[in-house]
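Structural features, examined
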Amino acid sequence: MSKVVEISPTTRHEGHSKLVLKVNDAGIIETGNWCSITPVRGVEKLAVGKTPEQVPKIASRVCGICPIAHTIAATEAMEASIKCEIPKDALMLRHILQLANRLHSIALHDILILPDFYIPGTETKINPFTAEEPVRSVAKRIQRLREIGQTIGQISGGECIHPSNTRVGGMYRNCSEQAKTKMYDLAKEGLVLAHQQAEFMIAVIRNYHKRDFVDVGGMKVALPKNLGFHDQGYLATHAFYGSSSLEECPSWDPNRFKEVRPWDWYMGEMTVDLEEPKYPIGGTTKIGTKVNPQMEACTGIPMYDGQPVEVGPRARLVTYKYFDEKGTQGQNVAREMEYQDCLYEMIDCIDLLNPNGKVVADYIPDGDGSLGWATNEAPRGTDAHIARVKDWKVQYFSMLVPTTWNFATCSKALEGAPWQLAEVIMRGYDPCVSCATHMIVMDEDNKLVAQKLIQ
Amino acid sequence: MADKITVGYTHLSGCTGCTVALADNYAGLLTLLDKYVDLKYMPTLADARHIQKVDVSFVEGSCCINDKLAVEELKETREKSAVVVALGGCACYGNITRFSRGGQQNQPAHEAYLPIGDVIKVDVYIPGCAPTPQMIRNVAVMAYLLLKGTKEQKDLATAFLKPLMMAAQKGTTACFCDLMTEVINQGLCMGCGSCAAACPVRAITHEYGKPQGVRDLCIKCGACYNQCPRSWFSFDVVSNYEAINEAIMAALQ
Amino acid sequence: MGAELGNYKSCVSARSTDKEILRHAQDGGIVTQLFGFALDEGIIDGAIVAATKEFAHKHPEKAMMDNSNMEFHEPWRPIPVVVTTKADMLAAAGTKYNISPNVSLIKEATRSFGLDKVGIVGTPCQMQAVRKGQLYPIGLRDVGSSIALAVGIFCMENFPYQSIIQLVEDHAAMKMESVRKMEIGKGKFWVYGKRGQVVQLPLKVTHKYEQPGCHVCLDYVANLADVSTGSVGSPDGWSTVFVRSKIGDSVWGKAMAAGCFETQPIEKVKPGLELVTKLANEKITKNKKTLEERATFGVGKALRNPYI
Ligand SMILES: Cc1cc2nc3c(=O)[nH]c(=O)nc-3n(C[C@H](O)[C@H](O)[C@H](O)COP(=O)(O)OP(=O)(O)OC[C@H]3O[C@@H](n4cnc5c(N)ncnc54)[C@H](O)[C@@H]3O)c2cc1C
Ligand code: SF4
Ligand code: SF4
Ligand code: SF4
Ligand code: SF4
């Protein structure tokens, strides 16, 4: 007899989400639904009628963890729609900004997943905020890496949380020679720390997955070797940056994209009949509680070639670097492997930046209503924005954000795992939930975007 | 432990940028947690699922009144906290959620968003989008002094927090227009430029010394008005800037 | 009263020992000399000053962005800029008697300009803005601790640009282009022409042109600056200098040791602190009265008081 258990809300990630799990007698997940329960602020809808300059500023604010991806993808979607090429140095600044954000985000994710893991060779789980060594040095290194990322983001992007320097047509200001040197020095310092941090994290992650049993709230749970495995595909549009419809050979194809509502995909009404008060922290949902993922989920189910796909660091490494490690371990390791690359790439971009180059396009068209799209590889995956701008007004706007892609894929990856480890699997996706509630299908019917693009 | 203040963090319809700003105190965050703050719940950074009784609650995001859970969480936060701090433009003034009008999948009825001060009584405001790490830090240290400090420290903290408490009482709307209606129209603007520096979306330029706002770029975060020295200014506190800054920096050593 | 001069550690009458600076400066060249020294010593790595529109047109990458037509030459209109060399500082020396929103660059200086240690010059109200921004950085992330030297200039009142045009072109009957220097002193508004003309206007004339925001201002000598300076109290070509904060004390001490300034005890010079105190008192008393009148301005309606 399978039973229903619910973990709500899930913790140590951004936004509000919950896990509804149908498990067998041995506590193994048969069907898992991971769904967002963050209210839908409706950014795609409120964008209609606003200026293409303001919409990216609003889009940035759907998520404070990958706001850079949202700002850049939204700005470039507007530029794609109005067909505006931006100067090379503006693009360099955007690259630097984007990589800086990734650096800080990987480091933040380290803090969020560390409590799941053990100090290698001990039975002690890691509390990232403890003042004791060796953890304190790691925490300080993480915070320094974040500081480096955020400071570089601030110099290139004006602000590091919601960047202010980006604008349709390029950037407001280029960086001075002095600023360029400062970014360079910071990146160099970061590189050393990133090497150390990645090495530490990979050791910790591998140590965890080598264990036969792990502790969850005092329960001894068998750790499967295939934790978080799934057979869905991967999607990535660039090794680090993104693509757009302005490119000759774009790496994303809206024709292959389709979205359905959770109605077709998630479980319907059920009653919780398994409760575990020992589950950290505060136990699972009470027996007798009615749950209904179909109705409660705040996101849609995006698909590429008819199936949910995984996006994020592992997807990028699989697509561009022949990475082949699967499951939660592979995902967490892949993310750590992006640390160094982020800084090497950033250093190249800083080198290429000409502080005297112009950063605003000479001519910024008002738009004729053409459809344009741009993707940006957010730390946690492909962020695709689609826009239609006519006479300097947004007619249509859509955001296919990273975590939305991953919701359905992760739900698949939960199958076969002990329910107590569901949150560990989920955190491997580095979810960032509030943005995920803003994704929407092309309004009238699914084919709209594709058809118009072909025309 | 006993010496620390207990702190909670309720996340409503915000983007978590406010949380990132808090974390952007970098090493200072670790010191805050070591010495002053016992973080009781905070869905993103801490491993706690439910709202608890605390001294100070920070609330990020506005409240979707069409979402039962959000309204309940907000009310529960009020009931369980001695002091409620609205953190960030969304919680204080609605910010971008002021523009929300529903109609989007998968919850088309999520339409009406209110700054938290329209649903519960709020004690302290930290406006801005994102708010700054230093502002969050200063308020955290001052809240600690207010609750755990000596008489003198309590007085200082009260004086420091007073304008932020008055901002909470003043209202729940913000816009570039505040500079027009409350500063320029009142004959108070002297062209310092703080508002332009503070605006997170570069909606303000200075033309012949006076602020000019692009109102359809403004996201209604309240940074410009609250940064303006002619919105509120306390000689008692600001004249002591050197000592207060030193005290805050020393606290974080 | 007693508080009209603010807190200070020392006060002297001083002028720069650099002849080149004195040629360009308004008074004793205190601001330009101090920033130049701080730049050499690495105390600051750049400063926000008020340059001319011409300078901003030539160096848009250093200037605050506005929407004015840069091709259109407007003499004596200040534009805030970030400068990182002594030559650029010299180009921005001298007083422009109209609004230069210097604080507008305070955040950008730490961003695309890449400064770690920012110098800023400004009127007393701008110093208030800087300190409010340090204690209450609502929208000024990571700016407060980057402010390495804030130099205040005394200020009785400021003017909109159009007021200066009307004062110069109508009242003083001179073209803006032909003005070499403007000055307020000895109870007069002075306009010096490039061909040697000197016109003095009684302050009675200038009052109607003042910026209204100045009428609630309660600080004359930049009480919140690290170092504040102005001409009042010292002989022509000299400046009165208040050293106020720890930072100010340290920078001033080093600059003195390096021989940047020659000084005279303020007690020895004429008209001395007595005049500074008198003017400060006059300003504060007058503006406090304005604030009181604002409280009963309408019928049962007050105008807003920004001070709490
Ligand atoms: C509006 C105004 C009113 C003043 N009123 C008085 C007064 O009543 N009594 C008195 O003693 N002194 C007054 N001053 C100060 C005085 O005119 C000199 O600026 C001061 O003595 C510094 O001279 P200096 O030779 O040391 O500086 P300099 O080396 O000449 O440097 C002056 C610096 O001030 C900057 N600056 C110029 N104009 C402005 C502006 N509008 N806003 C901000 N910064 C600016 C310049 O960029 C330069 O960096 C006033 C200044 C201003 C701007
Ligand atoms: S105030 Fe800004 S940073 Fe904070 S939640 Fe709202 S949008 Fe995000
Ligand atoms: S901050 Fe206030 S006083 Fe300063 S320019 Fe803006 S509106 Fe005017
Ligand atoms: S003008 Fe800028 S700072 Fe002011 S409320 Fe609008 S967005 Fe915020
Ligand atoms: S009088 Fe006061 S408000 Fe006016 S410019 Fe001078 S310092 Fe500023």
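Residues numbered from 1 in each chain as written. Chains lettered and ligands numbered in written order. Predicted model: local features only at pLDDT ≥ 70, side-chain atom pairs only at ≥ 80, totals over all residues. Heavy atoms only, no water.

**What about the side chain of Asn 207 of chain A?**
Residue and element names in this part refer to chain A. Along the chain, Asn 207 falls in helix α6 (residues 177–210). On the basis of relative accessibility, which here comes to 19%, the residue Asn 207 falls in the buried class. Non-local contacts of Asn 207, meaning those with residues more than four positions away in its chain, are made with Tyr 118, Pro 120 and Gly 121. (Helix = DSSP H or I, 4+ residues; strand = E, 2+ residues; numbered from the N terminus. Buried < 20%, exposed > 50% of the residue type's maximum accessible area, 1.4 Å probe, protein only. Contact = heavy atoms within 4.5 Å.)

**Some details on the sheet that holds strand β6 (residues 179–185) of chain C**
Residues and elements named next belong to chain C. Here three strands make up an open sheet; going across it, the order is β6-β7-β8 and the pairing antiparallel. Strands with a single pairing partner mark the edges of an open sheet, and in this sheet they are β6 and β8 (198–202). Within this sheet the neighbouring strands show an average axis-to-axis angle of 15°, counted without direction. (Pairing = 2+ DSSP bridges. Axes fitted to C-alpha atoms, helices over the stretch in contact; angles between N-to-C directions.)

**Concerning the confidence of the model for chain C**
For residues with low pLDDT, the predicted coordinates do not support detailed interpretation. Here chain C shows a mean pLDDT of 96. Residues at 70 or above account for 99%. Predicted as a complex, the structure gets a pTM of 0.95 and an ipTM equal to 0.95. (pLDDT = per-residue confidence, 0-100.)

**Topic: the interface of chain A and chain C**
Counting from both sides, the interface comprises 15 residues of chain A and, opposite them, 20 residues of chain C. Our count for the chain A to chain C interface comes out at three salt bridges. Salt-bridge contacts for Glu 159 of chain A lead to Lys 107 of chain C; the nearest nitrogen and oxygen are separated by 2.6 Å. For the pair chain A and chain C, the interface holds 11 residue pairs in polar contact (both at pLDDT 80 or more). Secondary-structure elements contributing two or more residues to the side of chain A that touches chain C are α5 (135–157) and α6 of chain A. For the side of chain A that touches chain C, a count of residues per class yields six nonpolar, six polar and three charged. (Salt bridge = Lys/Arg side-chain N within 4 Å of Asp/Glu carboxyl O. Polar contact = N/O pair within 3.5 Å; in protein donor to acceptor, adjacent residues only side chain to side chain. Nonpolar A, V, L, I, M, F, W, Y, C, P; charged D, E, K, R; others polar.)

**Notes on the domain arrangement of chain C**
All names here are of chain C. One can read the domain layout of chain C as domain 1 (10–158 + 218–275) and domain 2 (159–210). Contact with domain 1, which involves 13 residues of that partner, is made by 15 residues of domain 2. In this assembly, domain 1 packs against domain 2 so that about 1,400 Å² is buried in total across both faces, 55% of it on carbon and sulfur atoms. Interface area lost by domain 1 to domain 2 is led by Trp 76, Tyr 97 and Glu 157, which between them contribute 47%. (Domains from an automatic or database assignment. Buried area = accessible area lost by both parts, 1.4 Å probe.)

**Brief notes about the site of ligand 5**
In the region of ligand 5, the neighbouring residues are Met 190 and Arg 230 of chain B together with Thr 123, Pro 124, Cys 125, Cys 155, Met 156, Glu 157, Asn 158, Cys 214, Cys 217 and Lys 283 of chain C. At the site occupied by ligand 5, the surrounding residues belong to chains B and C. (Near = heavy atom within 4 Å.)

**Considerations on the pattern of salt bridges**
All names here are of chain A. Overall, the coordinates contain 50 salt bridges over all chains when judged by the stated rule. Between Glu 6 and Lys 18 there is a salt bridge whose closest N-O contact spans 2.7 Å. Taken as a pair, Glu 6 in strand β1 (residues 3–7) and Lys 18 in strand β2 (residues 17–23) lie far apart in primary sequence, 12 residues in all. Its relative accessible area of 6% is what places Lys 18 among the buried residues. Lys 326 is the partner of Asp 231 in a salt bridge, and the nearest nitrogen-oxygen pair spans 3.4 Å. Residue Asp 231 is located in the loop between β7 (219–222) and β8 (233–234), and its partner Lys 326 is located in the loop between α8 (313–321) and α9 (327–352); the two are separated by 95 residues in the primary sequence. By relative accessible area, which is 74% here, Asp 231 ends up exposed. Overlapping salt bridges bring together Arg 102, Arg 316, Glu 338 and Glu 377 as one network.

**Observations regarding the interface of chain A and chain B**
Each side of the interface is counted separately: chain A has 73 residues, and chain B has 51 residues. Across the chain A to chain B interface the summed buried area is about 5,100 Å²; carbon plus sulfur atoms make up 56%. The tally of links from chain A across to chain B stands at two salt bridges. The interface formed by chain A and chain B holds 13 residue pairs in polar contact (both at pLDDT 80 or more) in total. Of all elements in the fold, only α1 (43–47), α2 (54–60), α4 (88–113), α5, α7 (293–296) and α11 (422–428) of chain A reach the threshold of two or more residues within the side of chain A that touches chain B. The element that contributes the greatest number of residues to the side of chain A that touches chain B is α5 of chain A, accounting for seven residues. A breakdown of the residues in the side of chain A that touches chain B according to their chemical character gives 30 nonpolar, 24 polar and 19 charged.

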